[in-house]
Structure formats: C-alpha cells, structure tokens
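An overview of the molecular structure
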Amino acid sequence: MLILRTLQWGPRHGHGIGQAIRAQSDDLLRVETGSLYPALHRLVRRGWLKAEWGISEANQRAKYYRLTAAGKAQLARESDWWSQLVHTIGLIMNPEPNKE
C-alpha cells in the first residue's frame with residue numbers, strides 16, 4: 001500500500017520510492033532494498049505498476065515505476081481496508097465506557 005501511495009504523485013525509480021517512504025514517515029519507516037525490489041516486481045506482475053527505463057537525477061539509468069489504472073483501483077481498496085482497520089483497532093484500544 002505504501003508503494004502504491006508513493007507512486008500516486010507520479011513515477012519514481014526504486015531508490016526514490018524508498019526515500020519518499022522514509023521522508024514521509026519522518027524517518028520511522030525504512031524499506032530495505034531486499035524487500036523493496038521484490039515487492040516492486042510483484043506489483044508489476046499483478047499489473048498494478050508499469051516499469052520503464054529512464055535516466056535518474058544522478059544521470060544514471062534507472063527503472064521508473066508508475067501506477068496503472070488497476071494500481072489506482074487497488075490503492076483505493078487498500079486505503080478503504082486500512083481505514084476500517086484503524087477504526088477497528090481504535091474501538092479496541094479506546095472502548096466507550098459501559099460497553100465492556
């Protein structure tokens with residue numbers, strides 16, 4: 001979900017995706033290379049991302065990933081699920097008085 005969300009704002013290369021997740025989480029979440037690239041490959045196989053070669057800001061050849069229409073739909077589903085999960089956990093962590 002975090003990868004899809006990061007790409008909602010436009011194409012990025014793998015390293016840029018990891019940096020964006022780290023920056024947007026105030027350095028709390030770090031996606032290791034050994035986890036990021038296999039996840040990107042799975043998302044491409046599922047049709048949620050499209051990958052194309054390009055040139056990075058450092059003038060290096062890099063694979064850029066972008067969301068497909070199917071990826072946008074999946075992001076919407078996962079965002080809905082996440083909202084439900086956060087709500088449900090909130091109910092358990094902060095029960096209303098007299099509901100126990």
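Bear in mind the structure is a predicted one, so any value in this text is a computation, not a measurement. (Residues numbered from 1 in each chain as written. Predicted model: local features only at pLDDT ≥ 70, side-chain atom pairs only at ≥ 80, totals over all residues. Heavy atoms only, no water.)

1. Re the side chain of His13
Definition in use: Helix numbers and strand numbers start at the N terminus; a helix is a DSSP run of H or I with at least 4 residues, a strand a run of E with at least 2. Residue burial is assigned from relative accessible area. The probe radius is 1.4 Å, only protein chains are included, and a residue is buried under 20% of its type maximum, exposed over 50%, and partly exposed in between. The contact rule is simple, with two residues in contact once any of their heavy atoms fall within 4.5 Å.
Positionally, His13 belongs in strand 1 (residues 12–13). Under the relative-accessibility criterion, His13 is labelled buried at 10%. Setting aside residues up to four positions removed in sequence, His13 forms contacts with Ser56, Glu57, Ala62, Lys63 and Tyr64.

2. As for helix 2 (residues 14–24)
The complete set of buried residues in helix 2 reads Gly14, Gly16, Ile17, Gly18, Ala20 and Ile21. Lining the buried residues of helix 2 we find helix 1 (2–7), strand 1, helix 3 (33–45) and strand 3 (61–67). Just downstream of helix 2, Asp26 is the residue with a positive phi angle, here 55°.

3. Digging into the environment of Gly18
Here Gly18 is to be found in helix 2. Placed 11 residues apart in sequence, Gly18 and Leu29 show a C-alpha to C-alpha distance of 9.1 Å.

4. Details of the packing of helix 2 against helix 3
The condition is simple: All axes here are fitted lines through C-alpha atoms, helices being fitted over the stretch that makes contact, and every angle between N-to-C directions spans 0 to 180 degrees. Should an angle fall under 35 degrees it is taken as roughly parallel, and over 145 as roughly antiparallel, whereas 65 to 115 is taken as roughly perpendicular and any remaining angle as oblique. Crossing chirality is assigned from the near helix's rotation relative to the far helix, an anticlockwise turn below a right angle marking it left-handed and a clockwise turn marking it right-handed.
Two elements in contact, helix 2 and helix 3, have axes separated by 10 Å at closest approach and are oriented at 115°. Classified by the angle their axes make, helix 2 and helix 3 are roughly perpendicular. Helix 2 and helix 3 meet at a crossing whose hand is right-handed. Along the contact surface, helix 2 presents Gly14, His15, Ile17 and Gly18, while helix 3 presents Leu36, Tyr37 and Leu40.

5. Quick notes on the pairing of strand 3
Spelled out, the test is: Pairing between strands is defined by DSSP: at least two bridges between them are needed.
Bridge analysis of strand 1 against strand 3 gives two bridges, and the strand direction is antiparallel. What sits directly across from His13, in strand 3, is Tyr64. Here strand 2 (residues 49–55) pairs with strand 3 via seven bridges, running antiparallel. Note that in strand 3 the partner of Ala51 across the bridge is Tyr65. Linking two consecutive strands that pair antiparallel, namely strand 2 and strand 3, is a turn of five residues; a positive phi of about 65° is found at Asn59 within it.

6. A word on the pattern of salt bridges
We count it as follows: Throughout this description, the term salt bridge denotes a Lys or Arg side-chain nitrogen within 4 Å of a carboxyl oxygen of Asp or Glu.
Taken as a whole and assessed by the stated rule, the structure comprises two salt bridges. The salt bridge involving Asp27 is made with Arg22; its shortest N-O contact spans 2.5 Å. Asp27 sits in the partly exposed class, given a relative accessible area of 37%. A residue is classified by how much of its surface remains accessible, and Arg22, at 35% relative accessible area, is partly exposed. Of the charged contacts, one joins Asp27 and Arg30 as a salt bridge, the two residues approaching to 3.2 Å between their closest N and O atoms. Via salt bridges that share partners, Arg22, Asp27 and Arg30 belong to a single interconnected network.

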